[in-house]
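Chain by chain, the residues:
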Protein chains: 2
Amino acid sequence: MPHFAAADLGGTTVACAIGDAAGHILRESSMPTRASEGPDAVLGRIAAELAALARDAGVSIRALGMGVPGRADLAAGVTRFLPNLPTQWRDVPVAAFLSSRLECSVRLLNDARLATLGELTYGHGRGVGTMLFFTLGTGIGGGVAIGGRLHMDEMGTAGELGHQTILPDGPLCGCGNHGCLETLASGPAIAAEGVRLLRAGLAPHLFELTGGDPGRVTPREMAAAGDESVRQAILRAARYLGIGVANLVTALHPELVVFGGGVAALGELLFAEVRAEVARRVRMFPIDGLRILPSQLGERAGLCGGLALASS
Amino acid sequence: MPHFAAADLGGTTVACAIGDAAGHILRESSMPTRASEGPDAVLGRIAAELAALARDAGVSIRALGMGVPGRADLAAGVTRFLPNLPTQWRDVPVAAFLSSRLECSVRLLNDARLATLGELTYGHGRGVGTMLFFTLGTGIGGGVAIGGRLHMDEMGTAGELGHQTILPDGPLCGCGNHGCLETLASGPAIAAEGVRLLRAGLAPHLFELTGGDPGRVTPREMAAAGDESVRQAILRAARYLGIGVANLVTALHPELVVFGGGVAALGELLFAEVRAEVARRVRMFPIDGLRILPSQLGERAGLCGGLALASS
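Residues numbered from 1 in each chain as written. Chains lettered and ligands numbered in written order. Predicted model: local features only at pLDDT ≥ 70, side-chain atom pairs only at ≥ 80, totals over all residues. Heavy atoms only, no water.

Structural notes on unusual backbone geometry
Note: most residues except glycine have negative phi, and most peptide bonds are trans. Residues and elements named next belong to chain B. A positive phi is found at Asp-91, a non-glycine position, where the angle reads about 60°. Mapped onto the secondary structure, Asp-91 falls in the loop between β6 (78-79) and α2 (94-102). Looking at Asp-91, the relative accessible area reads 45%, which means it is partly exposed. Phi at His-253 is positive, roughly 45°, even though this residue is not glycine. Structurally, His-253 can be placed in the loop between α8 (228-252) and β11 (256-260). For His-253, a relative accessible area of 22% translates into the label partly exposed. (Helix = DSSP H or I, 4+ residues; strand = E, 2+ residues; numbered from the N terminus. Buried < 20%, exposed > 50% of the residue type's maximum accessible area, 1.4 Å probe, protein only.)

Now the structure itself:
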């Protein structure tokens, strides 16, 4: 059976894997990105790591599928705008560089769309026609599958589900718009409200759990703290997420909505409220059959998507 | 060349046409629905009218494509929920009835999706991959095309673009949700604000134009009046529309957005502000190539969609 490589380039971490066309990962690893050292150094490390993983598994690499945190010219395999990396990462011929080092074909895709492709191919999305995928983390990314295929355009930009306007006059978003879903329900958005409650003296358990250190306030710590005020803050974020989901359910009537990323780990506290808000908002047609679930592949959705992209 | 029939059933009017697979209409007519007389009477009139139009054109009907104002079981050709018609219109076997009268196959589709199909097949949508269509009238309906085809589900419910939540705590919508785009930018929503301005003494020209009669206040009269306050009300509705468009552009990155229905007749006053709001809101990727246009087919989009549905 031929083998494939996957890489997922992030602002702080790069994940690498070797696997097969069935989505089975044989070897995987992660390392700090150290993006400021420049594309040549980082991409050189990725090539060396993938080669080492393949050697260790005793296989050769047929093709590489790689996620990048932003926009790229997919046909040319060249980055365009990667907002969380230094500007030297603009217009980098990533596919050509890695293709020459690894002697295989290389395909790029936005990292959230790559995770969508993974979930669609190997996760809950198998056999599903229309699916929405949200990555809930530092930002909120996403992807849309229609007719069982990832909905795409030339730059892989379609699917920015975190940049719907939920509050027209809401907080400024990193993208330049106001009131995007990302400003209301991303990890940092939820944590910021946790910090406010902590500082306002409204979250004694969270204070105890974090030693009063704002830097230690995360959605996970907030869920663990058990303060009612903090729980309400998480539920409010879940309702904003529910509005974002409901808008797209109304437009596309998917069979499945999947949440990946760290914030999805909040589990039922989050999911129950998202489902309730979607039921309150989608009134034009019955949505009994709609499933709203955490990713089956979890943190490996992106790497599995890389295998799907490489082997397709 | 074979000929086809189209019908578009509305709460107040039924439109009928005979045409060909190229979308050319040979004969057309419209008549009051008089829905309270019941499905048998209304459907009987539609069958008789289509037969008369075909006879007049000297052609026979190969198949009929028909729009219904709500949900239907498309495979069975049976209505489900038509919110603007009396309850006796629920679970009516429209396709079987008309098929037996006209001796041809009959296919149903939601009226807004039918207009979307018309625009996609014969209007601005020809050759386009991803397109959004909004019908701006008494309500706001819509449809989505992906990969050059109408995005569908079993009941033809996907595409309810007027029922996105724009203001989470906004006005109650007919669907049961709050703050839907329809509550902020439909014909009645715009007119209601016109009436308020009229009664508050803030719209002297509109008062003059309508003789102070709230029943005569329509978006068209408002645009003609020229009061600055009234112009601002229209622009605010346009900005809400722009938010609704921007949300779906961010998710799907269409090449084309088309507005049909009576409110679209407001023209550049509306379109310029919609385009400006979309540019303010969509910041994740360049949208230089995005076209936002009034329907090429205008009021005939639904009938043309009926011909497309019948001949496909």
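Focus: the environment of Arg-126 of chain A
All names here are of chain A. For Arg-126, the position within the fold is in the loop between α3 (111-122) and β8 (131-136). The sequence separation of Arg-126 and Leu-290 amounts to 164 residues, and the corresponding C-alpha distance is 15 Å. Here Arg-126 is in contact with Glu-119, Leu-120, Thr-121 and Gln-296, once residues within four sequence places are set aside. Here Gly-123 takes part through its backbone oxygen, which lies 3.0 Å from a polar atom of the side chain of Arg-126. (Contact = heavy atoms within 4.5 Å. Polar contact = N/O pair within 3.5 Å; in protein donor to acceptor, adjacent residues only side chain to side chain.)

Here we look at helix α1 (residues 39-57) of chain B
Residue and element names in this part refer to chain B. Spanning 19 residues, α1 covers 27 Å between terminal C-alpha atoms, matching the ideal 27 Å at 1.5 Å per step. Pro-39, Val-42, Leu-43, Gly-44, Ile-46, Ala-47, Leu-50, Leu-53 and Ala-54 are the residues of α1 that are buried. Of the surrounding secondary structure, the elements contacted by the buried residues of α1 are β1 (3-9), β2 (13-20), β3 (25-32), β4 (61-68) and α2. Gly-58 sits one or two residues past α1 and shows a positive phi near 75°. (Expected span 1.5 Å × (residues − 1).)

Description of the environment of Leu-26 of chain B
Residue and element names in this part refer to chain B. Residue placement: Leu-26 occurs in strand β3. When the C-alpha atoms of Leu-26 and Thr-218 are compared, they prove to be 32 Å apart, with 192 residues separating the residues in sequence. The residues touching Leu-26, leaving out its near neighbours within four places in the chain, are His-3, Ile-18, Gly-19, Ala-57 and Val-59.

Regarding the pattern of salt bridges
Any two side chains of opposite charge can pair, given that their charged atoms come close. All names here are of chain B. Scanning all chains against the criterion turns up 30 salt bridges over all chains. Its salt-bridge partner being Arg-80, residue Asp-91 comes within 2.9 Å of it at the nearest N-O pair. Of this pair, Asp-91 sits in the loop between β6 and α2 while Arg-80 sits in the loop between β6 and α2; the two residues are 11 residues apart in sequence, bridging distant segments of the chain. Glu-277 is the partner of Arg-280 in a salt bridge, and the nearest nitrogen-oxygen pair spans 2.7 Å. (Salt bridge = Lys/Arg side-chain N within 4 Å of Asp/Glu carboxyl O.)

Focus: the relation of the copies chain A and chain B
The two copies are related by a screw operation: chain A maps onto chain B through 180° of rotation and 0.0 Å of translation along the axis, at an RMSD of 0.0 Å. On this basis, the relationship between the two copies can be described by a two-fold rotation axis. Comparing interface residues between copies, 100% of those in chain A also sit at the interface in chain B, which points to an isologous, same-surface contact. (Least-squares fit on C-alpha atoms with pLDDT ≥ 70 in both.)

Remarks on the interface of chain A and chain B
With 34 residues of chain A at the interface, the matching set in chain B holds 34 residues. Counting each side, the surface lost to burial between chain A and chain B is near 3,100 Å², with a carbon and sulfur contribution of 58%. A per-residue breakdown of the area chain A buries against chain B is headed by Pro-168, Arg-281 and Met-284 of chain A, which together make up 19% of the total. Counting across the interface, chain A meets chain B through 20 residue pairs in polar contact (both at pLDDT 80 or more). Residue assignment for the side of chain A that touches chain B shows that the elements contributing at least two residues are β9 (140-146), α8 (228-252) and α9 (268-281) of chain A. It is α8 of chain A that provides the largest number of residues to the side of chain A that touches chain B, a total of six residues. Taken together, the residues of the side of chain A that touches chain B sort by class into 15 nonpolar, 13 polar and six charged. (Buried area = accessible area lost by both parts, 1.4 Å probe. Nonpolar A, V, L, I, M, F, W, Y, C, P; charged D, E, K, R; others polar.)

Topic: the packing of helix α3 (residues 111-122) of chain B against helix α10 (residues 301-311) of chain B
Residue and element names in this part refer to chain B. Running from amino to carboxyl end, α3 crosses α10 at an angle of 80°, the nearest separation of the two axes being 7 Å. Taken together, α3 and α10 sit at an angle that is classed as roughly perpendicular. Facing Leu-114, Ala-115, Leu-117, Gly-118, Glu-119, Thr-121 and Tyr-122 of α3, the residues of α10 in contact are Ala-301, Gly-302, Cys-304, Gly-305, Gly-306, Leu-307, Ala-308, Leu-309 and Ser-311. Per-class residue counts for the contact of α3 with α10 are nine nonpolar, six polar and one charged. (Axes fitted to C-alpha atoms, helices over the stretch in contact; angles between N-to-C directions. Parallel < 35°, antiparallel > 145°, perpendicular 65-115°, else oblique.)

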